[in-house]
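Each chain is listed here by its residues.
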Amino acid sequence: SEEVLKRMLKQLADRADEVVTEHRDSEVTHSVAKIATRIGQLARRAAAVEGRAPTLEITLLGQLADAAVGAFATATGASEITSEIAQVVDRYLSRG
């Protein structure tokens, strides 16, 4: 149901905040904190929408989650991928 999805999105945003705190000062996983910041923003935005959460935001959350896994999995090339995905999400978020 929509209520369950909104509750899950709020929990995701809270967990993303924790990830930011855990990784923002790390030399190895600081890119994960950047991704988690955007996950939190999108999750809060999707949870705040009246009715059903927008499909695009849910899709972007999935892509950011994949990017976070990739950033953990390997440091080689992760920064470039993370940067590209972050730019796409930033453009979307800036549209209002």
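Just so it is clear, the model here is predicted, and its values are computed rather than measured.

Thresholds applied
- Residues numbered from 1 in each chain as written.
- Predicted model: local features only at pLDDT ≥ 70, side-chain atom pairs only at ≥ 80, totals over all residues.
- Heavy atoms only, no water.
- 1 Å grid on protein atoms, 1.4 Å probe; cavity = no way out; pocket = protein on both sides within 12 Å on 5 of 7 lines; lining within 4 Å.
- Points joined across faces, edges and corners; volume = space filled by probe spheres on them.
- Helix = DSSP H or I, 4+ residues; strand = E, 2+ residues; numbered from the N terminus.
- Nonpolar A, V, L, I, M, F, W, Y, C, P; charged D, E, K, R; others polar.
- Expected span 1.5 Å × (residues − 1).
- Buried < 20%, exposed > 50% of the residue type's maximum accessible area, 1.4 Å probe, protein only.
- Arc of directions from axis to C-beta.
- Core = buried A, V, L, I, M, F, W, Y, C linked by side-chain atoms within 4.5 Å.
- Contact = heavy atoms within 4.5 Å.
- Axes fitted to C-alpha atoms, helices over the stretch in contact; angles between N-to-C directions.
- Parallel < 35°, antiparallel > 145°, perpendicular 65-115°, else oblique.
- Left-handed = near helix turned anticlockwise from the far one by under 90°.
- Salt bridge = Lys/Arg side-chain N within 4 Å of Asp/Glu carboxyl O.

**Quick word on the layout of surface pockets**
Each pocket or cavity is described by its volume, and for the largest pocket that value is around 150 Å³. If you trace the largest pocket, you find it lined by Leu 12, Arg 15, Ala 16, Val 19, Val 32, Ala 36, Ile 39, Ala 68, Val 69 and Phe 72. Elements represented by at least two residues in the lining of the largest pocket include exactly helix 1 (2-23), helix 2 (30-48) and helix 3 (55-73). The leading source of residues in the lining of the largest pocket is helix 1, at four residues. Within the lining of the largest pocket, the residues separate by chemical class into nine nonpolar, no polar and one charged.

**Focus on helix 1**
Its 22 residues place the ends of helix 1 31 Å apart at the C-alpha level, agreeing with the 32 Å of an ideal helix rising 1.5 Å per residue. Turning to helix 1, its buried residues are Lys 6, Leu 9, Ala 13, Ala 16, Val 19, Val 20 and His 23. All buried residues of helix 1 fall inside an arc of 130° around its axis, so they share one side. Those residues of helix 1 that are exposed and angled more than 90 degrees off the buried face are Glu 3, Lys 10 and Gln 11.

**Looking at the nonpolar core**
Core analysis: the biggest nonpolar cluster contains 23 residues, and Leu 9, Ile 35, Ile 39, Leu 42, Leu 61, Leu 64 and Val 89 have the highest contact counts within it. For this core, the secondary-structure elements that each account for two or more residues are helix 1, helix 2, helix 3 and helix 4 (78-94). For this core, the element with the most residues is helix 2, which contributes eight residues. Look past the residues within four positions of Leu 61 in its chain and what remains in contact with it is Leu 9, Leu 12, Ile 39, Leu 42 and Ala 43.

**What about the packing of helix 1 against helix 2?**
Packing of helix 1 against helix 2 brings their axes to within 8 Å, and their N-to-C directions diverge by 155°. As far as their axial angle goes, helix 2 and helix 1 are roughly antiparallel. The crossing of helix 1 and helix 2 is left-handed. Two secondary-structure elements touch here, helix 1 through Lys 6, Leu 9, Lys 10, Leu 12, Ala 13, Asp 14, Ala 16, Asp 17, Val 19, Val 20 and His 23 and helix 2 through His 30, Val 32, Ala 33, Ala 36, Thr 37, Ile 39, Gly 40, Ala 43, Arg 44, Ala 46 and Ala 47. Tallied by class, residues from the contact of helix 1 with helix 2 come to 13 nonpolar, four polar and five charged.

**Structural notes on the pattern of salt bridges**
According to the stated counting rule, one finds five salt bridges in the structure shown. Between Glu 22 and Arg 15 there is a salt bridge whose closest N-O contact spans 3.2 Å. Judged by relative accessible area, which is 39%, Arg 15 ranks as partly exposed. We note a salt bridge from Glu 57 to Arg 45, for which the minimum N-O separation is 2.8 Å. Of the two residues, Glu 57 is situated in helix 3 and Arg 45 in helix 2; the sequence distance between them amounts to twelve residues.

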